[in-house]
Amino acid sequence: MKSIVILISGRGSNMQALLEARLPCRIAAVISNRADAKGLNIARARGIATAVVEHRDYADRNSFDAALADTIDTYQPDFVALAGFMRILTPDFVARYHGKLVNIHPSLLPAYSGLNTHARALHDGVKIHGCTVHFVTPDLDHGPIIIQAAVPVLYHDTEQSLAARVLHEEHRIYPQAVRWLCKGQIELSEDGRVIFQNRKQASFTMFSPGLE
Ligand code: GRF
């Protein structure tokens, strides 16, 4: 059975979704760059091994990433899932886990990479927003896309209501992507494309606002 390590920085709701999804893999550990990450308690309560590599204890990104990689490697995972891990990773780190490192991002990439995605979507008046699971490459939030979920932006939306609608879908697509990975149903090709064994196609169009 494959195994994964999950990296978090905070609340850990995506991590929790992965823990609860009965994935066909072993969750070897949850690692955080912050000792006060709430998600660590959720993991501990479920008997999952946890570790903390405090980024503040390291002089620069390179030394932090090297220590993080050493900690990850003690668990020898097949895959590493970033779940609200709020550190920019160095190219060396990303290269070390090429094809094994995935991330969830709260926007329909390549739109709204970076932070404050929901506020920026509302500001721009887009009518469809969403979330993306992708392989991680050195190009922040621009790695090959595995799966996306789209949600409508509604007239009365606030940043909070839109975030909640997107988060609900994050909790659905991340376990799906990790399930595909662990079952060997997707992989990253040499030329940086996501290869699917069983291609499922979306089967409807969303209009937002709806047609009359
Ligand atoms: C999620 O919206 C995720 O997409 C983003 O950071 C947030 C983390 O939330 N990368 P949680 O810690 O998983 O609850």
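The rules behind these values
- Residues numbered from 1 in each chain as written.
- Predicted model: local features only at pLDDT ≥ 70, side-chain atom pairs only at ≥ 80, totals over all residues.
- Heavy atoms only, no water.
- Salt bridge = Lys/Arg side-chain N within 4 Å of Asp/Glu carboxyl O.
- Helix = DSSP H or I, 4+ residues; strand = E, 2+ residues; numbered from the N terminus.
- Contact = heavy atoms within 4.5 Å.
- Axes fitted to C-alpha atoms, helices over the stretch in contact; angles between N-to-C directions.
- Left-handed = near helix turned anticlockwise from the far one by under 90°.
- Nonpolar A, V, L, I, M, F, W, Y, C, P; charged D, E, K, R; others polar.
- Core = buried A, V, L, I, M, F, W, Y, C linked by side-chain atoms within 4.5 Å.
- Buried < 20%, exposed > 50% of the residue type's maximum accessible area, 1.4 Å probe, protein only.
- Pairing = 2+ DSSP bridges.

A. Seen up close, the pattern of salt bridges. In this structure the tally under the stated criterion is seven salt bridges. Here Asp 36 makes a salt bridge to Arg 34, at a shortest N to O gap of 3.0 Å. The salt bridge partner of Arg 96 is Asp 70, with a shortest N-O separation of 3.7 Å. Pair noted here: Arg 96 is in helix H4 (residues 91-96) and Asp 70 is in helix H3 (residues 61-74), with a separation of 26 residues, a long-range link.

B. Spotlight on the environment of Asn 14. By secondary structure assignment, the location of Asn 14 is in helix H1 (residues 13-20). The contact partners of Asn 14, leaving out residues within four places of it in the chain, are Ala 83, Ile 104, Leu 167, Glu 170, His 171 and Tyr 174.

C. Region of interest: the packing of helix H5 (residues 117-124) against helix H6 (residues 159-182). Where H5 contacts H6, the two axes come as close as 9 Å, and the packing angle between them is 115°. Where H5 crosses over H6, the handedness of that crossing is right-handed. Residues His 118, Ala 119, Ala 121 and Leu 122 of H5 lie in contact with H6, whose contacting residues are Glu 159, Leu 162, Ala 163 and Val 166. Tallied by class, the residues present in the contact of H5 with H6 amount to six nonpolar, one polar and one charged.

D. The arrangement of the nonpolar core in detail. Judged by nonpolar contacts, the single largest core of 42 residues is most densely connected at Ile 6, Ile 146 and Tyr 174. When residues of this core are assigned to their parent elements, the largest contribution, nine residues, is made by H6. Ignoring any residue separated from it by four or fewer positions in sequence, one finds Ile 146 in contact with Val 102, Val 133, His 134, Phe 135, Ala 177, Trp 180, Ile 186, Val 194 and Phe 196. Listed in part, the 21 residues of the second largest apolar core include Leu 7, Ala 51, Leu 82 and Val 136.

E. Geometry of the sheet that holds strand S7 (residues 145-152). A sheet is described by the order of its strands in space; here seven strands give the open sequence S3-S2-S1-S4-S5-S6-S7, paired in mixed fashion. Each edge of the sheet is formed by a strand with only one pairing partner; in this case those strands are strand S3 (50-52) and S7. Between one strand and the next, the sheet's axes are offset by a mean angle of 20°, whatever the strand orientation. The pairing of strand S5 (residues 101-105) with strand S6 (residues 128-135) spans four bridges and is classified as antiparallel. Looking across to S6, one finds that His 105 is bridged to Thr 132. Contacting strand S1 (2-8), strand S2 (25-32), strand S4 (79-82) and S5, H1 crosses the sheet at an angle of about 160° to S1.

F. Here's a closer look at H1. For H1, a buried count of six out of eight residues is recorded, marking the element as mostly surrounded by other parts of the structure. If you check which residues of H1 are buried, you get Ser 13, Asn 14, Met 15, Ala 17, Leu 18 and Leu 19. Against the buried residues of H1 lie S1, S2, helix H2 (38-45), S4, S5 and H6. Remark: Arg 22 follows H1 within two positions and exhibits a positive phi of approximately 50°.

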